[in-house]
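Fold and contact review
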There are 2 protein chains.
Amino acid sequence: MGNVRKAFGVDIGGTNVVIGLVTENGDVSDVKKFQTKDFNDYRKLIDALSVYIKSFKDECIEGIGIGAPNGNFYKGTIEYPANLPWKGITPFAAELTEKCGSKVFLTNDANAAAIGEMCFGAAKGKKDFIMITLGTGVGSGIVINGNLVLGSNGMAGELGHTCIIPYGRKHPGTGLRGSLESYCSAKGIVETAKEFIAKFQSHSPLKFFEEKDITAKLIYEHALKGDALSLQIFEYTGELLGKAFANFVMFSAPSLIVLFGGLSKAGGLILNPAKKYMEENLLEVFKNTCSIQLSGLPEDDAAILGAASLVFQNVKN
Amino acid sequence: MGNVRKAFGVDIGGTNVVIGLVTENGDVSDVKKFQTKDFNDYRKLIDALSVYIKSFKDECIEGIGIGAPNGNFYKGTIEYPANLPWKGITPFAAELTEKCGSKVFLTNDANAAAIGEMCFGAAKGKKDFIMITLGTGVGSGIVINGNLVLGSNGMAGELGHTCIIPYGRKHPGTGLRGSLESYCSAKGIVETAKEFIAKFQSHSPLKFFEEKDITAKLIYEHALKGDALSLQIFEYTGELLGKAFANFVMFSAPSLIVLFGGLSKAGGLILNPAKKYMEENLLEVFKNTCSIQLSGLPEDDAAILGAASLVFQNVKN
């Protein structure tokens, strides 16, 4: 028993901060959830986390892994997060280490998810794959030859912000036009729904809802019931996703793209058009070399599993 | 003298096949040029190369490096080359080894150029950079954390075929629409010129040429003389290139993009708009993290330097 490696995994998100104890076998326990909005200063979050961590004084913990928006692995900083209550660049890892004495590894939340997927999920045994998180935003973690791509500034893998439609929708957070995130996130599909409702004459139950009540889930439910407009909205979203994937495949030639997050629960509604349009837009030598799969991780634990995997990957046993 | 490592570098191109002897210090000698069209069968080229190589029987050669269109490093094959006289998949490296007994390493021509640039050129000491070759086509070689990106199928880094304009120009060779190569190659800029000549009312000396006589060089010469239309053509080409670069930077976070090939000789005419539009389309955390530079390699030797570097990189000294 004493030989099983253990680490804390922390997922810092716009709504919740979740911490859990993870074994190298992927067992998760002692999960605790905080509300992100309760921490207007990142130091208060560090205090809360270290109080919790220190309460495990009898456990032999190898370290703490953190997935956070705009996390910089090299510096252990969170840089200009759009959806967290604090701003600027914060030396999160260094200050948490100081407080609780443990090694701390911090990276982008989607990077953490990618490592989790490689250690415990759909990408087990894969050396070249891309993790795409389809949630409120679109995140990504890229693995090449078994290593997470961090790049010269430690921030590589922001595929959600790549442009897929020149002069397309303006992203309210970044100011960039036509980004993947503007179309293929939960927010993006709602925008598409509004456009399609205004543009197409066809009858659809979606037209009876007020704009503010239209959600990705609502569109999904109507698509399941066979509503043509809702199906078209998913087809279009999957088409854009598939075309973006073709570009990604011609960059790093992954053998797998893993989808994770709320929108990926639409399953075939997203997967089928994505696969079709990816293949259509690939150069001959890349056709049928890359599959698209849904995440193999349990939803509630995925983020902390991934974050804790950072520790198992970076601390020599 | 006897301690200086030596290898042959071979560049297989659509027009010429060039072989030269390269030292680990980057000295090139004994260059011989063949015309590609003289080899309707790849085996004839292998024969010609091995006759030449065997004539150096007194030299201690570590191996032969080859850069070729659609070269597969893992398999040593050339796969479905668009611009070579032979077709299909050819086991080029294996058969050349058999003929002349040397170790043979083969990769994509742009990958070879990237390694050459890392060993001898503008990317010396860089761990994360992207090489973009702007010639008849647009090729690329991607280096991440000091390693060439080969991907799951050995063919990664085909950035010239990524889509930059959905439903854009159809590429005659690949059938893909809106690819970077369709706009930012020597052929692409000529297409742009034809479109701009037809579309814009402004006077321009370009309008006095027959379509078939318009070349990238002609547009360049008129741009240098201050012709507004020619300048616009370069500005547009650089704009598209810069926007594509922004997407690449958000993928792998390189600290440098190196430009090589005919069109890159336009210098500032291409570099300035490329830099401007790249920066404008980057997420905040990537701004001013990646420079764009022209190749540091002598043009005539670059390809064989790069190809020979493959040997120095892969044979342990």
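No experiment lies behind these values; they were computed from the predicted model shown.

What follows deals with the interface of chain B and chain A. Between chain B and chain A, the contact holds 42 residues from the first and 42 residues from the second. Regarding the contact of chain B and chain A, the summed buried area is about 3,200 Å², with carbon and sulfur atoms giving 67% of it. For the chain B face of the interface with chain A, the top three residues by lost area are F251, L283 and V285 of chain B, together amounting to 22%. Inspection of the chain B/chain A interface yields 0 salt bridges.

For the rest of this paragraph, the subject is the sheet that holds strand β10 (residues 138-144) of chain A. Two orientations exist for strands paired in a sheet by backbone hydrogen bonds: parallel and antiparallel. Residue and element names in this part refer to chain A. Read from one edge to the other, the open sheet built from 5 strands follows the order β11-β10-β9-β12-β13, with strand pairing classed as mixed. The sheet terminates laterally at β11 (147-148) and β13 (291-294), the two strands that pair on one side only. Examined bridge by bridge, strand β12 (residues 256-260) and β13 share 4 bridges and lie parallel to one another. Across the sheet, the residue bridging to V258 is Q293, located in β13. In this fold helix α3 (residues 109-120) packs onto β9 (129-134), β10, β11 and β12, with an angle of close to 50 degrees to the strand it touches most, β10.

Turning next to the relation of the copies chain B and chain A. After a rotation of 180 degrees and a shift along the axis of 0.0 Å, chain B superposes on chain A with an RMSD of 0.0 Å. Each copy turns onto its partner about a two-fold axis. Here 100% of the contact residues of chain B are again contact residues in chain A; the copies associate through an equivalent surface.

Residues and elements named next belong to chain A. Among the 6 residues in β9, 6 count as buried, and that is most of the element. In this sheet, β10 lies alongside β9 in antiparallel orientation, the contact comprising 6 bridges. If you follow T133 over to β10, its bridge partner there is G139.

Further remarks concern the nonpolar core. In this structure, I132 and F245 of chain A together with I132 and F245 of chain B are the most contacted members of the largest nonpolar core, which totals 108 residues. Excluding anything up to four places from it in sequence, I132 of chain A contacts V138, G139, S140, L159, F245, F248, I257, V258, L259 and F260 of chain A.

Residue and element names in this part refer to chain A. Read across the open sheet, the 3 strands follow the order β5-β6-β7; overall the sheet is antiparallel. Every other strand in the sheet has two partners, leaving β5 (71-72) and β7 (89-90) as the edge strands with one partner each. Note: β5 against strand β6 (residues 77-79), 2 bridges, orientation antiparallel. Paired with G71 across the bridge in β6 is I78.

Residues and elements named next belong to chain A. Over its 13 residues, helix α1 (residues 42-54) extends 18 Å from the first C-alpha to the last, a length consistent with the 18 Å expected when each residue adds 1.5 Å. The complete set of buried residues in α1 reads Y42, L45, I46, L49, S50, Y52 and I53. One side of α1 holds all its buried residues, which, seen down the axis, span an arc of 160 degrees. For α1, the elements touching its buried residues are β1 (6-12), β2 (16-23), β3 (28-35), β4 (64-68), β7 and α2 (92-100). At the N-terminal boundary of α1, the capping side chain belongs to D41, with an oxygen 2.8 Å from the backbone nitrogen of R43.

What counts and how
Residues numbered from 1 in each chain as written. Chains lettered and ligands numbered in written order. Predicted model: local features only at pLDDT ≥ 70, side-chain atom pairs only at ≥ 80, totals over all residues. Heavy atoms only, no water. Contact = heavy atoms within 4.5 Å. Buried area = accessible area lost by both parts, 1.4 Å probe. Salt bridge = Lys/Arg side-chain N within 4 Å of Asp/Glu carboxyl O. Pairing = 2+ DSSP bridges. Helix = DSSP H or I, 4+ residues; strand = E, 2+ residues; numbered from the N terminus. Axes fitted to C-alpha atoms, helices over the stretch in contact; angles between N-to-C directions. Least-squares fit on C-alpha atoms with pLDDT ≥ 70 in both. Buried < 20%, exposed > 50% of the residue type's maximum accessible area, 1.4 Å probe, protein only. Core = buried A, V, L, I, M, F, W, Y, C linked by side-chain atoms within 4.5 Å. Expected span 1.5 Å × (residues − 1). Arc of directions from axis to C-beta. Polar contact = N/O pair within 3.5 Å; in protein donor to acceptor, adjacent residues only side chain to side chain.

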